[in-house]
Amino acid sequence: MITILNWFALLIALVTSVGLLLHRDWRWGIGLLAIQYLSIFWLVQTHWPVSMAAAKLVTGWMACAVLGIAHLNTDPAEETEASWPQGRLFRLFTAGIIMAATFALSLRASGWLGLGLPIAWGSLLLVGMGLLQLGISAQPFRVILGLLTVLAGFEILYAAVESSTLVAALLSAVNLGLALTGAYFLNMPQEEKP
Amino acid sequence: MSAPFLWIFLPLTLAGLLMLLRNQKVIALIACIFTLFLTLAAWLLPIDTAITIGNVSFKLSSSFEILGRHLVLGSADRSLLALIYGSAIVWFAVAPAVKTARRLTSLGLAITALLVAALAVEPFLYAALLIEMAVLLSIPLLSAPGQRPGKGLIRFLIFQTLAMPFILFSGWLLAGIEANPSDLGLVQQAAILIGLGFSFLLAVFPFYSWIPLLTEESSPYTVGFILWMFPTVTIFFGLGFLDHYTWLRDAPTLGSVLTTVGILMVVSGGLLAAFQQHLGRIMGYAVIMETGFSILTLSLGGTVGLNIFFMLFVPRTLSLVVWALALTILKEHSPTLILGDIKGLVRIWPFATSGLVLANLALAGMPLLAGFPPHQAIWEGLASKSLPTVIWVLTGNLGLFFSAVRVMLVFAAAPEGAHWESRETVAQRILLAIGFLALLLLGLFPQWVLPLWTKLPAIFTHLGQ
C-alpha cells in the first residue's frame with residue numbers, strides 16, 4: 001500500500017513540476033507548487049517522522065502564501081520573455097528528456113542510496129525540472145519557483161541521509177527566505193514597457 | 001555568556017534594531033562602535049578562561065548549543081574574528097560618505113554575523129545553509145532601489161543557492177569516506193560534489209558571469225562589500241574542508257587542480273578586465289582575479305601558502321574599499337560608467353578618479369602599492385614550482401594593469417581649457433586620502449600588518465602546522 005502511495009506521490013510531483021513549466025499564469029504556478037509540497041511531504045515522511053516531514057509541508061505552503069500575497073500587489077500583466085522558446089511543445093519535449101534522464105539516474109541512485117525507486121526518481125525529477133525552469137526563464141518569479149523546486153527535490157534525497165533538526169530548521173528558513181526574496185522581487189517597481 | 005552569543009547573536013540582534021533607525025550617521029556610528037567593541041573583545045578576551053575584574057569573575061564559554069548541534073568559537077578563532085569584524089568597521093565607517101549606511105550597516109552586520117556562524121557551526125558542513133541565508137539577506141542590499149532585479153542579481157541568487165545542495169550532500173559522502181577510506185569510487189564522487197559546490201560558492205570559472213553583471217548594475221560600494229565578504233568566508237570554509245579531511249589534503253591531484261583553477265581565474269579575469277568598457281565590470285574582473293590568487297596560494301601548500309593567503313587579506317580589503325568608494329562617487333554623478341562617457345573626469349573628481357586608478361594598480365600588483373608584497377610572494381612561490389605557471393599569472397596581472405592604464409588615460413583626456421575642481425565632499429576627500437596613504441604605506445611597509453595575520457594559521461589544526 002505504502003509503495004503504491006509513493007508512486008502516487010511521484011505522479012503528483014511529475015504532474016505539478018511539468019505543470020509549473022507549462023502554465024504561465026502565476027495562480028496556477030502557486031497552486032501547483034502547493035500541491036507539489038504534498039508529494040514532497042509524503043516522500044520525505046518515508047524517512048523522517050511525520051511531525052518533521054509536516055514541517056516541510058507547512059513551510060512549503062507558507063512559501064506559496066508569501067508568493068501569492070506578493071503577487072496580488074503587483075501588475076497583473078504577464079510578462080513575456082523574447083529570448084527563450086515560448087512554445088508548450090518545446091517545454092513538453094524538454095520535460096520529457098528530463099523525465100527520461102532522471103529515470104535512468106534514479107535506477108542507479110536508488111541502489112546506491114538504498115532508496116525506493118519512486119523516492120529517488122521523485123527527488124531527481126524535481127531537481128531536473130527545477131533546473132530546467134531556471135534554464136529557460138529569467139523572470140524573478142519563475143526563477144524562485146525553479147529554485148524552490150530544485151531545493152524540494154534535494155530535500156527528499158537529503159532526508160534519506162540526514163535527520164538533524166537543525167538542518168530541517170535551516171532548510172525551512174532557506175525555503176521561506178527564498179519565498180520572501182521572490183516577494184521582494186515582485187514588489188520592486190516594474191520597469192516601464194516601451 | 002558564550003562566545004557565539006557575543007559574536008553571532010548579539011550582532012544579529014543589533015542589526016535588527018538598526019533597521020528601525022533612519023539617520024545614516026547615527027546608524028553608522030552605532031554599528032562602528034559596536035563592531036569596534038567586537039573586534040577589541042576578539043583581540044583581548046580569552047575564551048574558556050575565567051576573567052576576574054575586581055570581585056566579578058566571568059568566563060566566555062566557546063560553545064553554544066542550538067537544536068542539538070553546536071556553534072563553537074574557540075580561542076584560536078579570536079584572530080579571525082578580530083580580522084573579520086575589524087575589516088567590517090572599515091566598510092561601515094566609509095558607508096555614510098556614499099549614503100549607503102542605512103542598508104549596508106544593518107544588513108551588512110547581519111550578513112557578517114551569519115557568516116561567522118557559518119565558520120562556527122559544527123558539523124561544519126552545515127555552514128552551507130548559513131551561507132545561503134546570508135546570500136538571501138544580501139539580496140535587498142544588492143538590488144538597486146526602485147529598479148527591477150537585474151540579470152547579475154538573479155544569477156548570483158541561483159549560483160549561490162545551487163552550491164548548498166552540493167556541499168551538504170558531499171558532507172554525507174565524506175562521512176562515508178571516513179568510515180571506508182579505500183572506496184575510491186566514493187572519494188571520486190565526493191570530490192566532484194565538493195568541487196561543484198565550491199565552484200558555485202566561490203564563483204570559479206566558468207560560474208563567475210554574475211560578478212561583472214552585478215558590479216555593473218548595483219551600487220559598487222555594496223557589491224564591493226559582498227564581493228569582499230563572501231569569497232573571504234567561503235575560502236575559510238574551504239580551508240576547513242582541507243584541514244578536516246586528510247584524504248583531501250593529501251590528494252596528489254589537489255595541487256594541480258587548484259593551480260589550474262587559479263590560473264584560469266587570474267588569466268581570464270585579467271584579460272577580460274583589459275578589454276572592458278564599463279568601470280564597474282573592471283572591478284568585477286579584479287575581484288575574480290583576487291579569488292584566483294587566493295586559490296593559487298592554497299595550491300602552494302603548507303604553511304607558506306597559508307601565510308601568503310593571509311597576507312592578501314588586508315591589501316585586498318583596503319583596495320576594494322577605496323575602489324568601491326571611488327566608483328560609487330563617480331556613479332552618483334556620471335550618467336554612465338562607460339569609458340567613452342567619462343573622459344576628463346580627473347579635472348572634476350580628482351580624488352575619486354585617482355583612488356580608482358590607485359586601487360586598480362594595487363590589485364594588479366604594482367610595486368610600491370599594498371598589493372605588491374603578497375603578489376610578489378605568490379609569483380615567487382609559483383616560480384619555484386613551475387615557470388610557465390608564473391608567466392600565465394603575470395599575463396593576468398598585466399591585463400589588470402593595462403585596464404588601469406586605459407582608465408587613467410580616459411580620465412586624463414580632458415578638453416582643452418577645462419578647469420581643475422574637486423566636487424567630492426570633504427568626508428569623501430578625507431576618506432580617499434586616507435585610502436591612498438594606506439595603500440602606499442602598506443606597499444612600503446608590509447610588515448606593519450604582520451601581527452594581524454601571524455596567529456591566523458593556528459585556526460587550522462593540520463594546515464597551520
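Note that this is a predicted model, so its numbers are computed, not measured.

It is worth spelling out the overall build of chain A at this point. Across its full length, chain A carries seven helices and zero strands. Listing every helix and strand of chain A by position from the N terminus yields α-α-α-α-α-α-α. In summary, chain A has a C-alpha radius of gyration of 17 Å against a globular reference of 16 Å for 194 residues, a match within 12%. Long-range contacts, defined as pairs at least 24 residues apart, comprise 69% of the intrachain contacts of chain A with a sequence gap of at least 6.

Moving on, we come to the environment of B:Ile342. Residues and elements named next belong to chain B. Mapped onto the fold, Ile-342 is located in the loop between α14 (313–333) and α15 (350–363). The sequence separation of Ile-342 and Leu-279 amounts to 63 residues, and the corresponding C-alpha distance is 9.6 Å. Not counting chain neighbours up to four residues away, the residues in contact with Ile-342 comprise Ser-334, Leu-337 and Val-410.

With that settled, consider the nonpolar core. All names here are of chain B. In this structure, Leu-114, Ala-118, Leu-130, Leu-325 and Ala-326 are the most contacted members of the largest nonpolar core, which totals 250 residues. When residues are assigned to domains, this core turns out to be shared by domain 1 (1–122) and domain 2 (123–459), each giving three or more. Setting aside residues up to four positions removed in sequence, Ala-326 forms contacts with Ala-352, Gly-355, Leu-356, Ala-359 and Leu-432.

Opposite the 25 residues of chain B that make contact, chain A presents 27 residues. Class assignment of the residues belonging to the side of chain B that touches chain A gives a composition of 16 nonpolar, five polar and four charged.

All names here are of chain B. We note that the domain assignment places domain 1 (1–122) and domain 2 (123–459) within chain B. Of note, the centres of domain 1 and domain 2, computed from C-alpha atoms alone, are 24 Å apart. Each partner contributes to the interface: domain 1 provides 28 residues, whereas domain 2 provides 35 residues. Elements supplying a minimum of two residues to the side of domain 1 that touches domain 2: α3 (78–94), α4 (101–120) and β5 (121–122). Here the side of domain 1 that touches domain 2 takes 12 residues from α4, the largest share from any one element. For the side of domain 1 that touches domain 2, the per-class residue count stands at 19 nonpolar, five polar and four charged.

Residue and element names in this part refer to chain B. Turning to its location among the elements, Leu-320 is positioned in helix α14. What makes Leu-320 buried here is the crowd of 27 C-beta atoms within 10 Å. Along the primary structure Leu-320 and Leu-17 are separated by 303 residues, whereas in three dimensions their C-alpha atoms are 28 Å apart. The contact partners of Leu-320, leaving out residues within four places of it in the chain, are Gly-224 and Trp-228.

Pairing is antiparallel in the open sheet, where three strands are placed in the order β3-β4-β5 (chain B). The sheet terminates laterally at β3 (63–66) and β5 of chain B, the two strands that pair on one side only.

All names here are of chain B. Remark: α15 packs on helix α18 (residues 426–444), axes separated minimally by 10 Å, with the N-to-C direction vectors making an angle of 25°. In terms of orientation, α15 lies roughly parallel with respect to α18. You can see that α15 and α18 cross each other, and the crossing is left-handed. Across the interface between the two elements, Phe-351, Ala-352, Ser-354, Gly-355, Leu-358, Ala-359 and Ala-362 of α15 pack against Gln-428, Arg-429, Leu-432, Gly-435, Phe-436 and Leu-439 of α18. Residues of the contact of α15 with α18, tallied by class, amount to eight nonpolar, four polar and one charged.

Residues and elements named next belong to chain B. Structurally, the position occupied by Ile-27 is in helix α2 (residues 24–44). Owing to 25 C-beta atoms within 10 Å, Ile-27 belongs among the buried residues under this scheme. The spatial distance from the C-alpha of Ile-27 to the C-alpha of Ser-106 is 7.9 Å, given a sequence separation of 79 residues.

This paragraph deals with helix α5 (residues 117–136) of chain A. The terminal C-alpha atoms of α5(A) lie 28 Å apart, and with 20 residues this matches the ideal 28 Å at 1.5 Å per residue to within 8%. By the criterion of burial, α5(A) is predominantly enclosed, with 16 of the 20 residues buried.

So, on to the pairing of β3(B). All names here are of chain B. Two elements, β3 and strand β4 (residues 69–72), share four bridges in a ladder whose sense is antiparallel. Counterpart to Ser-63 in the pairing with β4 is Val-72. Counting the residues between successive antiparallel strands, the hairpin from β3 to β4 contains two residues, one of them, Leu-67, with a positive phi of roughly 45°.

Turning our eyes to something else, we now look at unusual backbone geometry. Residue and element names in this part refer to chain B. Following Glu-122, the chain continues to Pro-123 via a peptide bond in cis, the omega torsion being 0°. Residue placement: Pro-123 occurs in the loop between β5 and α5 (127–142). Here Phe-205 and Pro-206 are connected by a cis peptide whose omega angle stands at 5°. Within the fold, Pro-206 resides in the loop between α7 (184–201) and α8 (210–217). Residues other than glycine seldom take positive phi values, yet Lys-99 does so here, at roughly 55°. Within the secondary structure, Lys-99 is located in the loop between α3 and α4. Overall, Lys-99 belongs to the partly exposed group, with 14 C-beta atoms counted inside 10 Å. Of note in the backbone geometry, Leu-368 takes a positive phi value of approximately 75° without being a glycine. The class for Leu-368 is exposed, based on 11 C-beta atoms found within 10 Å.

Analysis parameters
Residues numbered from 1 in each chain as written. Chains lettered and ligands numbered in written order. Predicted model: local features only at pLDDT ≥ 70, side-chain atom pairs only at ≥ 80, totals over all residues. Helix = DSSP H or I, 4+ residues; strand = E, 2+ residues; numbered from the N terminus. Rg over C-alpha atoms; globule rule 2.2 N^0.38 Å. Contact = placed C-beta atoms within 7 Å. Core = buried A, V, L, I, M, F, W, Y, C linked by C-beta atoms within 7 Å. Buried ≥ 20, exposed ≤ 12 C-beta atoms within 10 Å, placed from the backbone. Domains from an automatic or database assignment. Nonpolar A, V, L, I, M, F, W, Y, C, P; charged D, E, K, R; others polar. Pairing = 2+ DSSP bridges. Axes fitted to C-alpha atoms, helices over the stretch in contact; angles between N-to-C directions. Parallel < 35°, antiparallel > 145°, perpendicular 65-115°, else oblique. Left-handed = near helix turned anticlockwise from the far one by under 90°. Expected span 1.5 Å × (residues − 1).

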